[in-house]
Amino acid sequence: MIEDREKYIQKIHMQIGKDYEQITEREVEEVVLETQQEISRQLRKMGLKKIGERRNFMMTSPSMAHMYALIKVHNYKIGHPGRAVVSQIDDPSYKLCHELTRILAPISAKSSSFIQDSSSFKEVLNHLQIDENCRMASFDVVNLYPSIPVEKTLQIIEKRLR
């Protein structure tokens, strides 16, 4: 699907709302540098004193994560809204997030509500006994990640890691 540039920009603005502020390239560089320095500080606090030890968790040439929209071509009745996607590749936290994913993925896979992908969901449905009067519903989650309570999440992760 080819989208008109102005419409695409409008869809991006719908995703981020009105409470944002455009910053200069210099400010972007400062944020990236500050983030990189903070990650390094925190890794040192965790006992990784040598740069070689911290290198596995830090980007060599970090850049700011960026957001773009994937147009929902199947939602033609409501004007093909966009789904926000944030690419963190080369972001200062990329390698750290990659390592956290490696550690946390096995924990989430043990959850009774874990579904790996649409194929495994289909497999679950194939074995499900459903009453004739039941109906299946699908819900579109709005603002899932911003609404997750961070402190509670960290407590759950800590408990599961023990």
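All of these numbers come straight from a predicted model, not from anything done at the bench. Throughout this description, residue numbers start from 1 for each chain and increase along the sequence as written. Whole-chain, interface and lining totals are the exception, using all residues; otherwise, since this is a predicted model, local features are given only for residues with pLDDT of at least 70 and side-chain atom pairs are given and counted only at 80 or more. Calculated side-chain values reflect all of the structure's heavy atoms, with hydrogen atoms and water omitted.

Some points on the pattern of salt bridges
Each reported salt bridge corresponds to a side-chain nitrogen of Lys or Arg within 4 Å of a carboxyl oxygen of Asp or Glu. The tally for this structure, following the rule as stated, stands at 6 salt bridges. Of the charged contacts, one joins arginine 26 and glutamate 29 as a salt bridge, the two residues approaching to 3.8 Å between their closest N and O atoms. Taken as a pair, arginine 26 and glutamate 29 lie in helix H2 (residues 25–45) at a separation of 3 residues, close to a single helical turn. When its relative accessible area of 54% is taken as the criterion, arginine 26 is described as exposed. Numbering of helices and strands runs from the N terminus; a helix is a DSSP stretch of H or I covering at least four residues, while a strand is a stretch of E covering at least two. Burial status follows relative accessibility: with a 1.4 Å probe on protein chains alone, a residue under 20% of its type maximum counts as buried, one over 50% as exposed, and anything between as partly exposed.

As for the side chain of serine 87
Note that serine 87 resides in strand E2 (residues 82–87). A relative accessible area of 15% means that serine 87 is categorised as buried. Contacts: residue pairs with any heavy atoms within 4.5 Å of one another. If sequence neighbours within four positions are ignored, serine 87 has contacts with Ala65, His66 and Tyr68.

What to know about the environment of valine 86
With respect to the helices, strands and loops of the structure, valine 86 is situated in strand E2. As a C-alpha pair, valine 86 and serine 138 span 52 residues in sequence and 24 Å in three-dimensional space. When neighbours within four sequence positions are excluded, valine 86 is seen to be in contact with Ala65, His66 and Met67.

As for the side chain of aspartate 91
Structurally, aspartate 91 is set in the loop between E2 and helix H4 (94–109). Engagement of the side chain of aspartate 91 in a polar contact is seen with the backbone nitrogen of alanine 65, the distance being 3.3 Å. Once you skip the residues sitting within four places of it in the chain, aspartate 91 turns out to touch Met59, Pro62, Ser63, Met64 and Ala65. Polar contact is the term for a pair of N or O atoms within 3.5 Å; when the atoms are in protein, one must be able to donate a hydrogen and the other to accept it, and sequence-neighboring residues count only if both atoms are side-chain atoms.

Side note on helix H1 (residues 5–16)
The length a helix should cover is 1.5 Å for every residue beyond the first. When the terminal C-alpha atoms of H1 are compared, their 17 Å separation across 12 residues agrees well with the 16 Å that a helix rising 1.5 Å per residue should span. Two to three positions downstream of the cap, the backbone nitrogen of glutamate 6 sits 3.3 Å from a side-chain oxygen, assigning the N-cap of H1 to aspartate 4. Glycine 17 sits one or two positions beyond H1 and adopts a positive phi of about 75°.

Quick word on a nonpolar patch on the surface
Candidates for patches are residues over 30% relative accessible area with no salt bridge; among them, like charges are joined within 9 Å and nonpolar side chains (Val, Leu, Ile, Met, Phe, Trp, Tyr) within 5 Å. Using a 1.4 Å probe, the Shrake-Rupley method yields the accessible areas, and only the shown protein chains count as cover for residues. Nonpolar side chains collect at one region of the surface, where Ile16, Tyr20, Met67 and Val86 lie side by side and expose about 330 Å² of accessible area between them. Mapped onto the secondary structure, methionine 67 falls in strand E1 (residues 66–71). Residue classification places methionine 67 among the partly exposed residues on the basis of a relative accessible area of 31%.

Observations concerning the confidence of the model for the protein
Of the residues in the protein, 93% reach a pLDDT of 70 or more, and the chain-wide mean stands at 85. Note on scores: pLDDT gives the predictor's confidence for each residue, bounded by 0 and 100. In the model of the protein, H1 stands out as the element of lowest mean pLDDT, 79, in contrast to H2, which has the highest, 95.

Remarks on unusual backbone geometry
Positive phi outside glycine occurs at aspartate 90, with the angle close to 75°. By relative accessible area, which is 34% here, aspartate 90 ends up partly exposed.

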